[in-house]
Amino acid sequence: MAITGENFIAGQRRSSGTTFRARSADSGEEFGEAFAAATSQDVIDACKAAAEAQDDFASRPLSERAAFLRLAADKIDALGDTLTQRAMKETGLPEARLNGERGRTVGQLRLFADEVENGGWQKLRIDHANADRTPPKPDLRLRMIPLGPVAVFGASNFPLAFSVAGGDTASAFAAGCCVVVKGHPAHPGTSELVAQALTEAVAESGLPAGTFSLLNGTENSLGEALVKDPRIAAVGFTGSRGGGLALMKHAAEREVPIPVFAEMSSINPVTLMPAKLNDAAEDLAKAYVGSLSMGAGQFCTNPGIVLAIKGEALDRFLAAAKEELKTVGGQTMLTTGIHKAYSEGASRLAKRTGAELLGMGEEAPGTCGQAQVYTVSADAFLADKDFEEEVFGPASIVIRCDDLAQVKQVLSGLEGQLTTTLHMTEADHAEAASLMPVLEKLAGRIIANSWPTGVDVTHAMVHGGPFPATSDGRSTSVGTLAIDRFLRPVSYQDMPAKLLPSALREGTPGCLVRIDGEYRA
Ligand code: NAP
């Protein structure tokens, strides 16, 4: 499939305006086709087409919506090696990782297809009328409906699973929302290939062309115009805290403000409980270095801080981590900008009062990120809030605490996180139980005895958490619950049956319904 560098606006390829080129992650050099930067007219046309398609798309039978998601998955699978090779060049990510990510991407499209058909997300409720009650009780029936067209911002660190057909797009489609994607400029060719697959799936499913559009560009003004377009009803975003906050501001300043579901920054605190640390210091150290350096540390769930109580066991852990670090080679980072931000962030961290370098990975040439671990006393950490700054890449800090009370003090003072982890044995359970209320307030996911890098796309997954991990801690961007972000409830009071949506008429809708307070299958 040829890459033409055009935007996709409601099924039509279009190029006008200025152009930009993809850059090789390895060298930072431009290569290949010129990509057209979307113009303000392109934004208007894509949003207008999405708004025009919205009612049609939303009213299609759920089986059609599900079939569309499955067809999109098949078409992305069919892109095969062309997609992998292009993504490798643009992102520097290795082949195995990208093939795995493609599996996750098509897997989540198929999971959302099943979810659409399951229908539980509609949260159907029927409260029958009671004329004998004083005052008389009306007949009330509730279901969730789509918010409307969603603007999705592709993420640089997941060029497939959180980009054009990633989790935000899949969950928005599943909710019945049309989607306008703002492609990430770090992987425009990858985005175009996936957009082509989605465009074909829309057409072959007989859906209105405005169901999906892709806009490319490198200027903040494009994202701003998209969020401010009055036809856009919600935003999905994964990226920097600065970017997320800017989009939230634009959304709040609109004449009609809209929700922004932004996944931004997290340092994912990991606590090594005393008995576990004593039993397995060396194994923990090896796994820690593996987790912090995986994918050049470019995961939102990277273990940015580790807490442990001072003593002989922690010394063994640190010594082993230092040795393990020496075996970590430099890995190409996603973009020269991200590499620069990493180098600057790590050098700010190194200069903070109390930070001591524990060890480094192998020297990392060019745009590779060099793994590094620092230690700091809990007192010094508590004295400088900037220690909490996310350094996006393979850097991490081990916090030396005096006792469990200090561990709790550090955890209680942290900003909201995507994940927090406890490594423990049974002998630690009583003390771990005392930390649970702190951890529940802190993060969206609490992990026992593994490392946070790795997110399963399932029904019970939460990839969210209090600000600044996300802009709205009531939601998740991974897993089937992500669909909730793009829905709102509507209640129909004393509505004649003919005017009710079919799922709310008497009879069996084929999914879970709450009837007069009782859940019925
Ligand atoms: P980013 O700068 O936040 O950009 C993400 C997307 O948002 C891009 O499409 C960008 O488009 C757009 N954008 C950013 N700021 C904007 C603004 N003020 N107005 C309108 N649109 C805006 O993220 P990135 O390029 O992926 O990486 C930069 C840094 O983000 C990294 O160094 C890292 O610190 C952080 N990051 C964090 C995560 C995480 O999961 N926590 C993931 C990725 C990146 P344009 O630039 O084309 O306008």
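Residues numbered from 1 in each chain as written. Predicted model: local features only at pLDDT ≥ 70, side-chain atom pairs only at ≥ 80, totals over all residues. Heavy atoms only, no water.

**Student:** Would you mind showing me how to read the sheet that holds strand S21 (residues 487-493) here?
**Tutor:** By definition, the strands of a sheet pair up through backbone hydrogen bonds, in either a parallel or an antiparallel sense. Spatially, 5 strands are ordered S21-S6-S5-S22-S23 in an open sheet, and the strand pairing comes out mixed. Of all strands in the sheet, those bounded by a partner on one side alone are S21 and strand S23 (518-520). For this sheet the average axis-to-axis angle between neighbouring strands, irrespective of direction, equals 25 degrees. Both strand S22 (residues 513-515) and S23 contribute to a ladder of 3 bridges, which runs antiparallel. Bridge pairing in S23 places Val513 opposite Arg520. (Pairing = 2+ DSSP bridges. Helix = DSSP H or I, 4+ residues; strand = E, 2+ residues; numbered from the N terminus. Axes fitted to C-alpha atoms, helices over the stretch in contact; angles between N-to-C directions.)

**Student:** Would you take a moment to explain the packing of aromatic side chains for this structure?
**Tutor:** To describe a pair of aromatic rings, one takes the distance between the centres and the angle between the planes. Inspection of every chain in the model, using the stated rule, returns 11 aromatic pairs. Ring plane angle 75 degrees and centroid distance 5.0 Å describe the contact between Phe68 and Phe173, whose orientation is recorded as edge-to-face. Here the residue Phe68 occupies a position in helix H2 (residues 62-78), and Phe173 occupies one in helix H5 (residues 167-175), the gap between them amounting to 105 residues. There is no split in this pair, since Phe68 and Phe173 are both buried. Seen in terms of ring centroids, Phe153 and Phe237 are 6.0 Å apart; in terms of plane orientation they differ by 65 degrees. Their pairing is edge-to-face. Linking Phe153 in strand S7 (residues 150-153) with Phe237 in strand S10 (residues 234-238), this pair joins segments that are 84 residues apart in sequence. (Phe/Tyr/Trp six-rings, centres within 6.5 Å; stacked < 30°, edge-to-face > 60°. Buried < 20%, exposed > 50% of the residue type's maximum accessible area, 1.4 Å probe, protein only.)

**Student:** Hey, could you run me through the environment of Ser156 in this one?
**Tutor:** Mapped onto the elements of the fold, Ser156 is located in the loop between S7 and H5. For Ser156, the residues in contact, after removing those within four places along its chain, are His184, His187, Leu334 and Ile338. (Contact = heavy atoms within 4.5 Å.)

**Student:** Quick question: what am I supposed to make of helix H3 (residues 80-91) here?
**Tutor:** Every α-helical turn comprises 3.6 residues, leaving residues that sit three or four positions apart pointing alike. An ideal rise of 1.5 Å per residue puts 16 Å on 12 residues; H3 measures up with 17 Å between its terminal C-alpha atoms. Within H3 the residues assigned to the buried category are Leu83, Thr84, Arg86, Ala87, Glu90 and Thr91. In this structure, the buried residues of H3 make contact with strand S3 (19-23), strand S4 (30-36), H2, helix H4 (95-118) and helix H6 (188-204). After H3 finishes, the residue Gly92 shows a positive phi value of roughly 75 degrees. (Expected span 1.5 Å × (residues − 1).)

**Student:** I keep staring at helix H10 (residues 312-325) and nothing clicks. Help me out?
**Tutor:** Compared with an ideal rise of 1.5 Å per residue, which puts 14 residues at 20 Å, H10 spans 20 Å between its outermost C-alpha atoms and is within 8% of the ideal. Among the residues of H10, Ala313, Leu314, Phe317, Leu318, Ala320, Ala321 and Leu325 are the ones counted as buried. Projected down its long axis, H10 shows its buried positions confined to an angular sector of 170 degrees, all on one face. Away from the buried face of H10 by more than 90 degrees, exposed residues Glu312 and Asp315 are located. Where H10 is buried, its residues touch strand S12 (270-272), helix H9 (274-293), strand S13 (305-309), strand S15 (356-360), strand S17 (372-377) and strand S18 (395-401). (Arc of directions from axis to C-beta.)

**Student:** Even after reading the chapter, I still don't get the site of the ligand, so can you show me in this structure?
**Tutor:** Close to the ligand lie 25 residues; Ser156, Lys182, Asn220, Ser240 and Met264 are nearest. In this structure, an oxygen atom belonging to the ligand sits 3.4 Å away from a main-chain N or O atom of Thr218. Contact distances for the ligand include 2.5 Å between an oxygen atom and a side-chain N or O atom of Ser240. For the ligand, whose free accessible area comes to 860 Å², the fraction covered by protein is 85%. Where the shell around the ligand is concerned, the elements lending two or more residues are helix H7 (220-228), S10, helix H8 (241-253) and helix H11 (336-351). (Near = heavy atom within 4 Å. Polar contact = N/O pair within 3.5 Å; in protein donor to acceptor, adjacent residues only side chain to side chain. Areas by Shrake-Rupley, 256 points an atom, 1.4 Å probe, with all protein chains shown as cover.)

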